[in-house]
Each structure stands twice: as structure tokens, then as C-alpha cells.
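Here is what each chain is made of, one letter per residue.
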Amino acid sequence: MHDLLIRNASLPNGRKGIDIAIKDGKIADVAPGVPGEASKCLDLDGWLVTPPFVNPHFHLDATLSTGRPRVNQSGTLLEGIEIWGELSPTLTVDDIYERARELCHWSIARGCLAIRSHVDITDNALLAVEALLSLRDDMAPWIDLQLVAFPQYGYFRHANSRENVFRALDRGIDVVGGIPHFERTMDEGGESVAALCRIAADRGLLVDMHCDETDDPNSRHVERLAAEAHRLGLHGRVAGSHLTSMHSMDNYYVSKLLPLIVEAGVAAVANPLINIAIQGRHDTYPKRRGLTRVKEMVEAGIPVALGHDCVMDPWYSLGSHDMLEVVNMAVHVGHMTGVSEMEAMFAGVTTVAAEVMHLEGYGLEPGCNADLVVLQARSPVEAIRLRANRLYVLRRGKVIAESAPQVVSLALGDERKTVDFIPAGSQ
Ligand code: FE2
């Protein structure tokens, strides 16, 4: 006797008419016509079932603070950092906790059940660390939060950072972060990469750095990140977030760089909504898009995940934590509109993002956690096109979010019909 039987699902790999049996919070079987009874059954009529969305790059401490104390008028990264500097001294543990908790609720409603959040560790009180460690534990039944010790004003550039990275990690922060392009000099940026990778190697932790989030083609800290990952044996354990300078680098240098990233097993996390909004702000025309070389990295075999980065904070006043909006932007900005390219981008907010975060029990195979999202779409491409409605979100086999199918009723003279933006007979 199964706890739940999902009938007639489509899967992201193109399989149709699939049943999924769930027992004790795990996937027990995935096949056409799974036999047996269940206490509950969901007939999906061909809707797409995917493992949950994963956001591998976010800032829970800053989210839902737009306008405090002012809106970013220039739209630049640097004004955003200035505003965060004005907001930070006014923050309390409760304020950070409540805003982040609200964002987690939005995330669950959108079918995103894992978030890697960078956490500013530069205040000596470590307020954000305290708030988000509590939230990580409190929300664990429903969503996985992974926290990164982020020396937001530079590891060397800010006096508190070096000690506070250790204090934050000692208190249970999961991942080592950094921001080499914000250090005072290129040399200090490189040294910060080396020092932070060494800390991760010594403690057996993962690394995820904001790296080269700039339009400056000479910002090449990703080269040092790959070199240190390789030297310290951190293959498969390091991610470079943003990497926007690669957009502006010359092709010859990139032809040397990509094999170094492959050799080091370094993953990339692009943030298309934020990159297209923030990069190129000093340009006249043509204005650079700023997104890193997603297409070329995917072709080279580098794991490329996509993050949301911000929702309503000093850097970006838009967003609702919809990872399909992130993918939709990525396929446009990255010229990734081929079918296999769109599927790779869908993987960038599901399986590849889970791989970057080293999530355990993630996937659609028997034995995986029964964490699933049912979309009102029949393929990943349709899901991206529609930014599809989440009909059901399941955690450990239980429905934790549910939404009615979205249809619009038309009354055109005597004609009555409904529209769901899916062509008739497109199954
Ligand atoms: Fe970020």
C-alpha cells in the first residue's frame, strides 16, 4: 500500500504517462502503470512533474527591504552596496528573520524548496547569522536553507571580515564565500580567493564566491578561483557566482580560461535577472548584457546553475522568487532558445543547482525524497514559456502548497470559451 500514487505525469526528460508511487516520504517507484493501491491518488492528465526548483544564489538578509532607507536610483551594484551600508545598522534579528521567513513562504508557493543564501558577516554582532541560522532550523521541515559566510565589504578591505568569517563558520554557517573584485586591488582580490579556499579546504566546506561581478574584462579572479580549487583538491566543491566580467573578456583569453574551469571542476552560478539589470550601467550604446558566457560554459561541460540573487532589496526592487522567471530571462539574454539549450537552463534551476549545493536525496529516482512540483505545463519548454502555474508542491510526499489551474474565461458575443495559453492537441 503506497501513501500516494501520482498517475499520468510527464517528466522533464520527455517521458509521458508515468506513475510515481510514494511511501514514507520517499519515491518508491517511477514507471508507466505502477501497480498497487494508495491511500491517496492524484491523476495529473499529463501535467509535468519535476523535482523542486532550487535557488543556488540568494540574499535572505537583504530581501523584502526595498526602499529602506531609499531606492537604488542609479541601478548600480555600488549604490546597492551603499544603501545596504545605510540599512545594516538599523537591522534587528527579528526584522531579518521575519523578512527571510516571508520570502521562504513565497519560495515554497513557487515550488522552490532549497535556497543557498549568502549572509553578510561584517557586523560584529553577526545579527544576520543569528537570524538565518534560526530560520534554517525552523524551516527545515519544508525548505532547505544553505548559508554562505559572505564578507560583503571584502575579506581584506573590511576590518571585521577575517575574524568574523571564522566566527560565522564556528556557529554553523555552511559554505565559505568571498567577493574578490571588491577588494582594494587585483592582488588583494587574488589573495582573498586563496585565503578563503584554504579555509574551506581545512574545514571540509564548499566554496561559493561572488566573483568578477563587474563589466571590467581585466577582472580575472575566476582564474585564481579555478587554480586554487585545483591546487587544493576542491574539485566539484567550488562555485563562482556571477562571473559577469567573462561577458566582456576577449575570446582568446576565454579560450584559455574555460579549460582551467573544467579542469578544476568549478561550477558557475549566473544570475540573469540581476546581471541584465545591473551590468552595463556605465555603457552608452551598445550596452553590454553582462550575463556570463552561459552557452559556452554549458557546451564545455561546466555545470551552470541559475540564481535569483535578489527579490525587493537594495539591488533589485522587483521579483517574486519565481525560478521560472529566472530561466525565462536566461534563455533570452543568453541566446539559449534551442530546445536542448532551454532544457539545460531548466536543469540550471533544478538538477544542476541541486548538484552545486550538494543536496542529498534530490531527484526523481526511487529512493529520492518525495519532494515534487506539479506544473501546469507538459514540458520544460512550456513551463519556461508560461512561467507555469504550480498546481501542487510536495515535501516528503505531503502537499504543502496547492493552486487552482489558471484559465481565463472569455465572453466574445455569444461565444464562451476558456484560454490557458496551451494550443489544443499539443500534448
Ligand atoms: Fe549575490
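Each remark here, short or long, concerns the structure printed above.
Residues numbered from 1 in each chain as written. Predicted model: local features only at pLDDT ≥ 70, side-chain atom pairs only at ≥ 80, totals over all residues. Heavy atoms only, no water.

## Examining the packing of aromatic side chains
To be explicit about the condition: Only Phe, Tyr and Trp rings are paired, with Trp represented by its six-membered ring, and only when their centres lie within 6.5 Å; those with planes under 30 degrees apart are stacked, over 60 edge-to-face, the remainder tilted. Strands here are runs of E lasting at least two residues and helices are runs of H or I lasting at least four, both read from the DSSP assignment and numbered beginning at the N terminus. We call a residue buried when its accessible area falls under 20% of the maximum for its residue type, exposed when it is over 50%, and partly exposed in between, using a 1.4 Å probe and counting protein chains only. Ring-over charges, as used throughout, are those where CZ of Arg or NZ of Lys falls within 6 Å of the ring centre and within 35 degrees of the ring normal.
Considering all chains together, one arrives at three aromatic pairs under this definition. Consider the rings of Trp 84 and Trp 315, whose centres lie 6.3 Å apart with planes at 45°: the pair is tilted. Of the two residues, Trp 84 sits in helix 1 (residues 77-87) while Trp 315 sits in the loop between strand 13 (304-306) and helix 10 (323-333), which places them 231 residues apart along the sequence. Trp 315 shares its class with Trp 84; the two are buried. Centre to centre, the rings of Tyr 155 and Phe 156 are 5.1 Å apart; their planes meet at 65°, and the pair counts as edge-to-face. Judged by its relative accessible area of 5%, Tyr 155 is buried. By relative accessible area, Phe 156 is classed as partly exposed at 24%. Seen from the ring of Tyr 253, Arg 220 lies directly overhead, with NZ or CZ sitting 3.6 Å from the centre. Seen from the ring of Tyr 285, Lys 287 lies directly overhead, with NZ or CZ sitting 4.8 Å from the centre.

## So, the sheet that holds strand 8 (residues 144-150)
Rules: Following DSSP output, two strands are said to pair if at least two bridges run between them.
The eight strands lie next to each other as 6-7-8-9-10-11-12-13, forming an open sheet whose pairing is parallel. Where the open sheet ends on each side, the last strands, each with one partner, are strand 6 (53-58) and strand 13. Both strand 6 and strand 7 (residues 112-120) contribute to a ladder of four bridges, which runs parallel. Residue pairing for strand 7: Phe 58 is matched across the bridge by Ser 117.

## Quick notes on the coordination of the iron ion
Convention followed: With water omitted from the atoms examined, metal sites may look incomplete; donors here are N, O and S atoms no farther than 2.8 Å from the metal, or 3.2 Å in the case of Na, K and Ca.
Ligation of the iron ion by protein atoms is provided by His 57 (NE2), His 59 (NE2), His 210 (NE2) and Asp 309 (OD), these donors lying 2.1 to 2.4 Å from the ion. Motif for the iron ion, donor spacing along one chain: H-x1-H-x150-H-x98-D. You'll find His 57 and His 59 in the same group, each marked buried.

## Here's the deal with helix 2 (residues 93-109)
Worth spelling out the cut-off: Given a helix with a known number of residues, its expected span is that number minus one, times 1.5 Å. What makes two residues a contact is simply this: any of their non-hydrogen atoms within 4.5 Å.
Between its first and last C-alpha, helix 2 extends 24 Å over 17 residues, near the 24 Å set by a 1.5 Å rise per residue. In this fold, the buried residues of helix 2 make contact with strand 6, strand 7, helix 3 (127-138), strand 8, strand 15 (390-395) and strand 16 (398-402). Immediately downstream of helix 2, the backbone of Gly 111 shows phi near 80°, a positive value.

## Some remarks on the environment of Met 139
The topology assignment puts Met 139 in the loop between helix 3 and strand 8. For the pair Met 139 and Arg 101, spaced 38 residues apart in sequence, the C-alpha separation works out to 8.1 Å. Discounting chain neighbours no more than four positions away, the residues touching Met 139 are Arg 101, Cys 104, His 105 and Ile 108.

## Quick look at unusual backbone geometry
In most cases, non-glycine residues show a negative phi, while peptide bonds are predominantly trans. The omega torsion of the bond from Arg 68 to Pro 69 falls at -10°, within 30 degrees of zero and hence cis. Secondary-structure assignment places Pro 69 in the loop between strand 6 and helix 1. That bond from Tyr 285 to Pro 286 is cis: its omega, -5°, falls within 30 degrees of zero. Examined against the element boundaries, Pro 286 turns out to sit in the loop between helix 8 (272-278) and helix 9 (294-300). Backbone geometry at His 321 places phi at a positive 60°, although glycine is not the residue there. Structurally, His 321 is set in the loop between strand 13 and helix 10. A relative accessible area of 0% means that His 321 is categorised as buried.

## Comments concerning the pattern of salt bridges
How we decide: When a carboxyl oxygen of Asp or Glu lies within 4 Å of a side-chain nitrogen of Lys or Arg, that pair is called a salt bridge.
Counted by the stated rule, this structure contains 23 salt bridges. With a shortest N-O distance of 3.2 Å, Arg 395 and Asp 144 are connected by a salt bridge. Of this pair, Arg 395 sits in strand 15 while Asp 144 sits in strand 8, and the two are 251 residues apart along the sequence. Looking at Arg 395, the relative accessible area reads 3%, which means it is buried. A salt bridge links Glu 341 to Lys 295, with the shortest nitrogen-to-oxygen separation between them at 2.9 Å. With a gap of 46 residues between them, Glu 341 in helix 11 (residues 339-348) and Lys 295 in helix 9 connect regions that are remote in the sequence. A residue is classified by how much of its surface remains accessible, and Lys 295, at 23% relative accessible area, is partly exposed. When salt bridges that share partners are traced, they join Arg 70, Glu 79, Glu 82 and Glu 86 into one network.

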